[in-house]
There are 2 protein chains.
Amino acid sequence: MADRMKGDPQSALTPSQQARLDIREGRHTGTTRGFALGHVQCNLVILRQALAYEFLLYCQRNSRACPVLEVCDTGDPEPRRLAPGADLRTDLPRYAVYRQGERQPDLTDIRDLWEQDFVAFLIGSGITFDLALERAGVPTTRDRWVLRCTLPTEPAGRFRGPMVVTMRWLTPEQAITAVQVSARFPFNHGAPIHVGDPAAIGADLANPLFGPPVDKVRDGVVPVFWACGVTPQEAALAAKVDLMITHAPAHGFITDLEADKFCLP
Amino acid sequence: MADRMKGDPQSALTPSQQARLDIREGRHTGTTRGFALGHVQCNLVILRQALAYEFLLYCQRNSRACPVLEVCDTGDPEPRRLAPGADLRTDLPRYAVYRQGERQPDLTDIRDLWEQDFVAFLIGSGITFDLALERAGVPTTRDRWVLRCTLPTEPAGRFRGPMVVTMRWLTPEQAITAVQVSARFPFNHGAPIHVGDPAAIGADLANPLFGPPVDKVRDGVVPVFWACGVTPQEAALAAKVDLMITHAPAHGFITDLEADKFCLP
């Protein structure tokens, strides 16, 4: 598998291997949204080993927002279960680096930063069910925002803070379909956590973390909210940990796992 | 909630609170199978903090067998999320104590053993979906075994070993129903891992860990296998950790969570 990732022309790459190779070699530099569609995509969080237990516990206590799909062995950048042969230091198109809670310039390769006490967490992303939504008639390419809300998370050690949510505007029919489709992905946030009035969960429409300014009044559509995998990053930021490396928003990690086959890890 | 657990006659206890009180005060001493039916039941594993990260990681890597529903804070015997006010040192009817992998005499109260570096893990049990199976016409009170098999688990640190499975003999119709029903409980082992020939997964019919001797040949029924929450206990035993305390088989912890409502933790 590792040999195939090196680009041996004799062996065919699977779509996810090809996608990661294109990212590693700089041919794909943009968002992974819509890229290698149908594969489970993950959010990346890298922390030092000293924080790993508390962070894993925080994710366990908030598994709807933070479904952990793989934790690499300490010091190992290869996700051996979800993408054997891949390298989490090179195979995402863009990385966000935070020191003491302050975002540093983004990087496209973090090999120079890697240390032996780093632990890489892969957390399920809602992008995973985009293809299933599309197939069921729910559009996924627009009208989507990442927002802070006031729903609390369950703390663990130094990690705590409000939930981050993904919001989509959907017609009532699309909303009902979207509940059913996303519920089939319990390890990628699952069904929505709220539908209707954004104020009921204190959704901060004025300051989206991702997406254009939110148009508040729409006719014939209802806002639908999912717990979002950005939640644990926000908690780690608020804790001002000395170093955290994540994927840049919408620049996730493409696994070998096909979303259609994804049932339980 | 804690006050209500003290048995204040002025306040009504919920069925799960009453069940735990009966256990704590010695009125219920037997199996929890069929007791407070319809509530999520958990397997208990208590280990020292020094092992907590590796154990939690082992569970994450084998979540089908080891669905972690709650991890208490270090030194805290109260499962604040699943049963506020409960005490994991007294609220299970029987405890198994292992030192260096050797089982000691069972206890009905572990307050004298409790230390400040203990971490309690609650792991989802298949007993949780017994009521749903019964309602759907699948009998749950007999023909059930806990067996070792040869399917490997994904190691984490010192924890490794084969999967433990629960086996039931079911008619083909019951088996199909049981797949559908248990799949609705993805955080309590979910759907079966195998149906049919026990040899295909190396199920050790000759030496059941729980249940009577297995009658190998049956007409008109098929064996159905689920990943079992005893798996992580077996891994910890094989690792010969200095001290592990668990529930005694079929003497689990009754949570306040109603199984019918259980979707995501």
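Residues numbered from 1 in each chain as written. Chains lettered and ligands numbered in written order. Predicted model: local features only at pLDDT ≥ 70, side-chain atom pairs only at ≥ 80, totals over all residues.

Notes on the overall build of chain A
- Counting secondary structure elements, chain A contains six helices and eleven strands.
- Scaling as 2.2 N^0.38, a compact globule of 265 residues should have a C-alpha radius of gyration of about 18 Å, and chain A matches this with 18 Å.
- Expressed along its principal axes, the backbone C-alpha trace of chain A runs to roughly 55 × 40 × 30 Å.
- Of all 265 residues assigned to chain A, the portion counted as buried reaches 45%.
- Across chain A, the fraction of contacts at a sequence separation of at least 24, relative to all contacts at a separation of at least 6, is 77%. (Helix = DSSP H or I, 4+ residues; strand = E, 2+ residues; numbered from the N terminus. Rg over C-alpha atoms; globule rule 2.2 N^0.38 Å. Buried ≥ 20, exposed ≤ 12 C-beta atoms within 10 Å, placed from the backbone. Contact = placed C-beta atoms within 7 Å.)

Side note on the interface of chain B and chain A
- Chain B puts 15 residues into the contact, and the matching count from chain A is 15 residues.
- Those elements that place two or more of their residues in the side of chain B that touches chain A are α3 (49–61) and β2 (68–71) of chain B.
- Considering every element that reaches the side of chain B that touches chain A, the biggest residue donor is α3(B), with five residues.
- Residue classes in the side of chain B that touches chain A are distributed as nine nonpolar, three polar and three charged. (Nonpolar A, V, L, I, M, F, W, Y, C, P; charged D, E, K, R; others polar.)

Quick look at the sheet that holds strand β7 (residues 162–170) of chain B
Residues and elements named next belong to chain B.
- What the four strands build is an open sheet, ordered β6-β7-β9-β8; its pairing is antiparallel. Every other strand in the sheet has two partners, leaving β6 (144–152) and β8 (194–195) as the edge strands with one partner each.
- Summarising the sheet, β8 and strand β9 (residues 222–227) pair through two bridges and their orientation is antiparallel. For His 194, the partnering residue across the bridge sits in β9 and is Phe 225. (Pairing = 2+ DSSP bridges.)

Focus: the packing of helix α3 (residues 52–61) of chain A against α3(B)
- One way to put it is that α3(A) packs onto α3(B) with a least axis distance of 10 Å and a crossing angle of 40°. Overall, the two elements α3(A) and α3(B) adopt an arrangement that is oblique. With respect to the hand of their crossing, α3(A) and α3(B) are arranged in left-handed fashion. Residues Ala52(A), Tyr53(A), Leu56(A), Leu57(A) and Gln60(A) of α3(A) form the contact with α3(B), whose participating residues are Ala52(B), Tyr53(B), Leu56(B), Leu57(B) and Gln60(B). (Axes fitted to C-alpha atoms, helices over the stretch in contact; angles between N-to-C directions. Parallel < 35°, antiparallel > 145°, perpendicular 65-115°, else oblique. Left-handed = near helix turned anticlockwise from the far one by under 90°.)

What about the relation of the copies chain B and chain A?
- It takes a turn of 180° to lay chain B on chain A, together with a shift of 0.0 Å along the axis; the resulting RMSD is 0.0 Å. Here the two chains are linked by the operation of a two-fold rotation axis. Rotation axis and chain B: the residue whose C-alpha lies nearest the axis is Tyr53(B), separated from it by 2.6 Å.
- Both copies present the same face, since 100% of the interface residues in chain B are matched by interface residues at the equivalent positions in chain A. (Least-squares fit on C-alpha atoms with pLDDT ≥ 70 in both.)

Regarding the domain arrangement of chain A
Residues and elements named next belong to chain A.
- Domains assigned within chain A are domain 1 (2–21 + 31–127 + 236–261) and domain 2 (129–231).
- Centre-to-centre separation of domain 1 and domain 2, based on C-alpha positions: 22 Å.
- With 26 residues of domain 1 at the interface, the matching set in domain 2 holds 25 residues.
- Elements that contribute at least two residues to the side of domain 1 that touches domain 2 include exactly α3, β5 (118–124) and α6 (231–238).
- If one sorts the elements of the side of domain 1 that touches domain 2 by residue count, α3 sits on top with five residues.
- Taken together, the residues of the side of domain 1 that touches domain 2 sort by class into 16 nonpolar, seven polar and three charged. (Domains from an automatic or database assignment.)

Some points on the nonpolar core
- Formed by 141 residues in total, the largest nonpolar core has its most connected members in Leu56(A), Val165(A), Leu56(B) and Val165(B).
- Broken down by element, this core gets its largest block of residues, eight residues, from α3(B).
- Sequence-distant contacts of Leu56(B), defined by excluding residues within four places in its chain, comprise Tyr53(A), Leu56(A), Leu57(A), Gln60(A), Val68(B) and Val71(B). (Core = buried A, V, L, I, M, F, W, Y, C linked by C-beta atoms within 7 Å.)

Points about the sheet that holds strand β8 (residues 194–195) of chain A
Residue and element names in this part refer to chain A.
- Strand order in the open sheet formed by four strands is β6-β7-β9-β8, and the pairing between neighbours is antiparallel. Single-partner strands in this sheet number two, and they are β6 (144–152) and β8.
- Across six bridges, β6 lies against strand β7 (residues 162–170) in antiparallel orientation. Across the sheet, the residue bridging to Trp 145 is Met 167, located in β7.
- Strand contacts of helix α5 (residues 172–183): β7, β8 and β9 (222–227), with the helix running at about 15° to β9, the strand carrying the most contacts.

So, unusual backbone geometry
Residues and elements named next belong to chain A.
- For Ala 250, which is not glycine, the phi torsion reads 65° and is therefore positive.
- Among the structural elements, Ala 250 can be located in the loop between β10 (243–247) and β11 (253–258).
- A tally of 19 C-beta atoms within 10 Å means that Ala 250 is categorised as partly exposed.

A look at α5(A)
Residues and elements named next belong to chain A.
- Compared with the 16 Å implied by 1.5 Å per residue over twelve residues, the 17 Å span of α5 between its first and last C-alpha is a close match.
- Burial in α5 covers these residues: Gln 174, Ala 178, Val 181 and Ser 182. Projection of α5 onto a plane perpendicular to its axis shows the buried side chains occupying an angular sector of 85°, all on one side. Exposed residues on α5 whose side chains face more than 90 degrees from its buried face are Pro 172, Glu 173 and Gln 180.
- Buried-residue contacts for α5 involve α4 (130–135), β7 and β9. (Expected span 1.5 Å × (residues − 1). Arc of directions from axis to C-beta.)

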